[in-house]
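Descriptive structure summary
The residues making up each chain are set out below.
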Amino acid sequence: MRVRCILGIASLLVLLAITTFVHADDCAYRDGGYCVAFIAKETAKKLSIPTETAMWGQSRWNKSLWATDVAMDGTNYLNYYENLWDQMVKNGKATIKDRETTFEEAKKAGGTKIGGVNLVVLAAKTLQHLVDKGALTKEEAQGILNRARSAAQ
Amino acid sequence: MFKGWLSKYLGEMVRSLILVILTILITEKLTNKSPNVVVKQYYNSFDSTSAVPNKIGELVLDYKEEKPTDKLPYYLVTVLNEGNGAEENLSFQIRSTLASLALFYKEPNLKVFGLKQITFEKGEFFAELEKFPIGAVAEVAFVPPDNAKSLCDVNITVAGKTEIGRVEKIRGVECE
């Protein structure tokens, strides 16, 4: 009985460790307690844009051809949001002025700056823009932010 | 007789000629295999002087300001092939007369591109790559100087067998 109990607890611990590892690995870039990768993915989903397309501007980018040693490289996500906003401007979902204002405000914020931009603020501002445009409800947008915190754990 | 033949078939000949030219142009456009090498530069840092808003419009944000130790700041130079063809014998040089640059890591791992030569001497970085396929990305990170503005002075040149690459201005530093 005792052996079964120990085995059961051990299995649970292994399962927990695997879940934690897989979960942590899911987030390609996190900052300030938020998983930016998660917000980016969910935003692309809401706009019906394949994440890869928005990420690289074109779907043919091959990850195996990346020669990088920078462990916490958020520049991918800066490019992602630049492409996303370009597409929104092109599709009439945003104006050039909206784009400029959003990026300027994300530049003014403190914290971790990737290319001068706080990516968490940029991601949240993009969600708020989608709320303003009626593409998302306030609750959906806040839900994405809240889940991005759990995803960053 | 020739004049008669010409006037009869001239229109058709011109139409055929236009069609052939159009076909050639379209085929060329579709099979354009030229590379497009672009260099992007980023100054990535931690700003403890400005606040992060806790409200973005109607959304609540709870940003934890924690500086990721030993990871920031750094100056990142990214070389990308955004074109439709591979580049060969690509060499790039990063140098500055004002800033004293040091590599963030010992040496970037560029072996995947058939590294022919790599040097870093007196703050000047040079690499030569045998091949640079479509979608290739090579990154080199540097420890930035105390005055980030001096990164505006960094001179980057990139050239391959086919063409000279385009260098975009640095993101994260306001240059004049």
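In this text, all values refer to a predicted model and were calculated from it rather than measured experimentally.

1. Concerning the overall build of chain B
- Helix and strand counts for chain B come out as one helix and eleven strands.
- Secondary structure elements of chain B, listed N to C terminal, follow the sequence α-β-β-β-β-β-β-β-β-β-β-β.
- Here the C-alpha atoms of chain B give a radius of gyration of 25 Å, more than 25% beyond the 16 Å that 2.2 N^0.38 yields for 176 residues.
- For chain B, the spread of C-alpha atoms along the three principal axes comes to 90 × 50 × 30 Å.
- Looking at chain B as a whole, 39% of its 176 residues qualify as buried.
- Across chain B, every contact between residues at least 6 apart in sequence was considered, and the portion connecting residues at least 24 apart equals 75%.
- Surface summary for chain B: the accessible area is close to 10700 Å², and the carbon and sulfur share equals 55%.
- The distance from the centre of the 21 positive side-chain charges to the centre of the 23 negative ones in chain B is 8 Å.

2. Digging into the packing of aromatic side chains
- In total, this model carries ten aromatic pairs over all chains according to the counting rule given.
- For the ring pair A:Tyr80 and A:Tyr81, a centre distance of 4.8 Å and an interplane angle of 85 degrees mean the geometry is edge-to-face.
- Owing to a relative accessible area of 0%, A:Tyr81 belongs among the buried residues under this scheme.
- In textbook terms, an aromatic cluster arises when at least three aromatic residues are bridged by ring pairs, as seen for B:Tyr75, B:Phe92, B:Phe120, B:Phe125 and B:Phe142.
- Looking at A:Arg99, its charged tip hangs above the ring of A:Phe103, at a distance of 4.9 Å from the centre.

3. Some remarks on the nonpolar core
- One finds A:Tyr81, A:Leu119 and B:Leu61 to be the most contacted residues of the largest nonpolar core, which totals 51 residues.
- For this core, the elements supplying multiple residues, two or more each, are strand S2 (34–35), helix H2 (36–46), helix H4 (75–90), helix H5 (96–108), helix H6 (119–132) and helix H7 (138–152) of chain A together with strand S4 (74–81) of chain B.
- With nine residues, H6(A) is the single largest residue contributor to this core.
- Setting aside chain neighbours within four positions, we find A:Leu119 in contact with A:Tyr29, A:Val36, A:Gly74, A:Tyr77, A:Leu78, A:Thr112 and A:Ile114.
- Listed in part, the 28 residues of the second largest apolar core include B:Val37, B:Val77, B:Leu151 and B:Ile156.

4. What to know about the interface of chain A and chain B
- Contacts between the two partners involve 44 residues from chain A, matched on the other side by 48 residues from chain B.
- Surface buried jointly by chain A and chain B totals about 3700 Å² across both partners, of which 57% is contributed by carbon and sulfur atoms.
- Taken together, chain A and chain B are joined by three salt bridges.
- Taking the shortest distance from any N to any O, the salt bridge between B:Arg171 and A:Glu82 comes out at 3.0 Å.
- The interface formed by chain A and chain B holds 16 residue pairs in polar contact (both at pLDDT 80 or more) in total.
- Going through the elements one at a time, strand S3 (66–67), H4, strand S4 (111–113), H6 and H7 of chain A are the ones with two or more residues in the side of chain A that touches chain B.
- Of the residues forming the side of chain A that touches chain B, the biggest block, eight residues, is contributed by H6(A).
- Grouping the constituent residues of the side of chain A that touches chain B by class yields 18 nonpolar, 15 polar and eleven charged.
- Where S4(A) meets strand S1 (residues 37–47) of chain B, three bridges bridge the pair, whose relative direction is antiparallel.

Cut-offs applied
- Residues numbered from 1 in each chain as written.
- Chains lettered and ligands numbered in written order.
- Predicted model: local features only at pLDDT ≥ 70, side-chain atom pairs only at ≥ 80, totals over all residues.
- Heavy atoms only, no water.
- Helix = DSSP H or I, 4+ residues; strand = E, 2+ residues; numbered from the N terminus.
- Rg over C-alpha atoms; globule rule 2.2 N^0.38 Å.
- Buried < 20%, exposed > 50% of the residue type's maximum accessible area, 1.4 Å probe, protein only.
- Contact = heavy atoms within 4.5 Å.
- Areas by Shrake-Rupley, 256 points an atom, 1.4 Å probe, with all protein chains shown as cover.
- Lys, Arg positive; Asp, Glu negative; His and termini not counted.
- Charge placed at Lys NZ, Arg CZ, Asp CG, Glu CD.
- Phe/Tyr/Trp six-rings, centres within 6.5 Å; stacked < 30°, edge-to-face > 60°.
- Lys NZ or Arg CZ within 6 Å of the ring centre and 35° of its normal.
- Core = buried A, V, L, I, M, F, W, Y, C linked by side-chain atoms within 4.5 Å.
- Buried area = accessible area lost by both parts, 1.4 Å probe.
- Salt bridge = Lys/Arg side-chain N within 4 Å of Asp/Glu carboxyl O.
- Polar contact = N/O pair within 3.5 Å; in protein donor to acceptor, adjacent residues only side chain to side chain.
- Nonpolar A, V, L, I, M, F, W, Y, C, P; charged D, E, K, R; others polar.
- Pairing = 2+ DSSP bridges.

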